[in-house]
Amino acid sequence: MSDRTWHSTSTAADYADCHPVTVLKACEAEELHGVQRKARGRWRIHVDCLDAWIKGQRCEHQKAGAA
Ligand SMILES: [Zn+2]
């Protein structure tokens, strides 16, 4: 169990049990909802968004954006 709310690509990869590059590519493809403070900056991924991605679902923000 983790009390982390925000993940970096490396901690997200650890959490999702995949490679950090997989997380990075998913963020860039907008498959996984990640945020950047500035263009080309470090990605931050909210744990709720990460949970949705692990389950192959869209997070609440993506659903809201698509509606
Ligand atoms: Zn989200």
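Rules behind the numbers
Residues numbered from 1 in each chain as written. Predicted model: local features only at pLDDT ≥ 70, side-chain atom pairs only at ≥ 80, totals over all residues. Heavy atoms only, no water. Helix = DSSP H or I, 4+ residues; strand = E, 2+ residues; numbered from the N terminus. Rg over C-alpha atoms; globule rule 2.2 N^0.38 Å. Contact = heavy atoms within 4.5 Å. Areas by Shrake-Rupley, 256 points an atom, 1.4 Å probe, with all protein chains shown as cover. Lys, Arg positive; Asp, Glu negative; His and termini not counted. Charge placed at Lys NZ, Arg CZ, Asp CG, Glu CD. Donors = N, O, S within 2.8 Å, 3.2 Å for Na, K, Ca; no water. Tetrahedral: all angles 85-135°; square planar, octahedral: opposite > 155°, others 65-115°. Buried < 20%, exposed > 50% of the residue type's maximum accessible area, 1.4 Å probe, protein only.

(A) Spotlight on the overall build of the protein. Helix and strand content of the protein: four helices and three strands. Secondary structure elements of the protein, listed N to C terminal, follow the sequence β-α-α-β-β-α-α. Taken against the 2.2 N^0.38 rule, which gives 11 Å for 67 residues, the C-alpha radius of gyration of the protein at 11 Å falls within 12% of a compact globule. Taking contacts inside the protein between residues at least 6 apart in sequence as the whole, the part at least 24 apart equals 49%. Summed over its atoms, the accessible surface of the protein is roughly 4900 Å², and 48% of this surface lies on carbon and sulfur atoms. With 10 positive and 9 negative side-chain charges, the protein shows a separation of 8 Å between the mean positions of the two kinds.

(B) Highlighting the coordination of the zinc ion. Within the first shell, the zinc ion binds the protein through H33 (ND1), C49 (SG), C59 (SG) and H61 (ND1), at distances of 1.9 to 2.3 Å. Geometry at the zinc ion is tetrahedral, judged from its four donor atoms and the angles of 105 to 116° they form at the metal. Binding-site remark: the zinc ion is held by donors from one chain whose sequence spacing is H-x15-C-x9-C-x1-H. Here C59 falls in the buried class, since its relative accessible area comes to 3%.

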